[in-house]
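Residue-level structural notes
Now for the letters of each chain:
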Amino acid sequence: MITQEHLAGFLLMHAGFRAEFGRLAEACRAPRDREHEELLEEQLALLLEMLHAHHTHEDTTLWPTLVAHAPEAGDALAELESEHAVLDPLVAVAADRAAPLPERVPALRRLHELLNEHLDHEERTAVPLMLRHLTPDDIEADKRKAMADFGRRVPTVFGWLVSSADPALLTAAFADLPVVARLMFRLFWWPAYQRRFARLYGASISLPAPLES
């Protein structure tokens, strides 16, 4: 059995998805210039890749693990998996670089809406099952998988996630990071992401208080 704190990384990823597609939908309405357009495309591609990896892990590993422990939850988890398929056409439109970014804005807005509804459903249905049936070893395996998905983009992904979550979730998610990683984040990764955020969205963003020390 695990605690809510063990799921901080999982929920932090949810927070990132909840925020960023809405930001992108607004920014993609009118890119400032070619450089801004390319940066928006890069951010969108990163988000779509992370979403695909997250859903694939749920469908192939997490949900089967939960069903093995709680067969009675099979139908509810199958419903969550079916919602992933509902999102796929919107993901395909959002990813289609043959269409200019402004033409993809309606798909991004709808993806933002439906994804938030799906994450609400997932947190109501799957998180209680995860708390009852997953082990700390399961969580560690999930963390290793996530870091493999991030690859060399760890600084950018961490910046995106931190820009999206509330202080309590950030405190829990960063509590088990190595000291060196926290130092790298404060000194290098976050300043770089602040510059990226300003270029993407024309706004400034501050380091959340829980991560300042």
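Being a predicted model, the structure only gives us computed values, none of them experimental.

Focus: the packing of aromatic side chains
For the structure shown, the criterion picks out eight aromatic pairs. A centroid spacing of 5.6 Å and a plane angle of 55° characterise the contact between Phe17 and Trp160, whose relative ring orientation is tilted. Here Phe17 is found in helix α1 (residues 8–27), whereas its partner Trp160 is found in helix α6 (residues 154–162), with 143 residues between them in sequence. Looking at Trp160, the relative accessible area reads 0%, which means it is buried. Ring geometry for Phe150 and Phe158: centres 6.3 Å apart, planes at 90°, overall edge-to-face. A connected cluster of aromatic rings, assembled from ring pairs, spans Phe150, Phe158, Phe174, Phe185, Trp189, Trp190 and Tyr193.

Quick word on the nonpolar core
Within the largest apolar cluster, 70 residues are counted, with the highest numbers of intra-cluster contacts made by Phe17, Phe21, Met130, Trp160, Phe174 and Phe185. Where this core is concerned, the elements lending two or more residues are α1, α2 (34–69), α3 (74–95), α4 (101–133), α5 (136–150), α6, α7 (167–174) and α8 (179–201). Counting residues per element, this core draws most heavily on α4, at 12 residues. Apart from the residues within four sequence positions on either side, Phe17 is in contact with Leu47, Met50, Leu51, His54, Leu115, Leu119 and Trp160.

As for the side chain of Ser164
Residue placement: Ser164 occurs in the loop between α6 and α7. Taking relative accessible area as the criterion, Ser164 reaches 17% and is therefore assigned buried. The contacts of Ser164, once residues within four sequence positions are left out, are Ala15, Gly16, Ala19, Glu20 and Arg23.

Details of the packing of α2 against α6
For the pair α2 and α6, interaxial distance at closest approach is 12 Å and the crossing angle is 85°. It follows from the interaxial angle that α2 and α6 lie roughly perpendicular. Facing α2, whose interface residues are Gln43, Leu46, Leu47 and Met50, α6 presents Thr156, Val157 and Trp160. Class assignment for the residues of the contact of α2 with α6 results in five nonpolar, two polar and no charged.

Parameters at a glance
- Residues numbered from 1 in each chain as written.
- Predicted model: local features only at pLDDT ≥ 70, side-chain atom pairs only at ≥ 80, totals over all residues.
- Heavy atoms only, no water.
- Phe/Tyr/Trp six-rings, centres within 6.5 Å; stacked < 30°, edge-to-face > 60°.
- Helix = DSSP H or I, 4+ residues; strand = E, 2+ residues; numbered from the N terminus.
- Buried < 20%, exposed > 50% of the residue type's maximum accessible area, 1.4 Å probe, protein only.
- Core = buried A, V, L, I, M, F, W, Y, C linked by side-chain atoms within 4.5 Å.
- Contact = heavy atoms within 4.5 Å.
- Axes fitted to C-alpha atoms, helices over the stretch in contact; angles between N-to-C directions.
- Parallel < 35°, antiparallel > 145°, perpendicular 65-115°, else oblique.
- Nonpolar A, V, L, I, M, F, W, Y, C, P; charged D, E, K, R; others polar.

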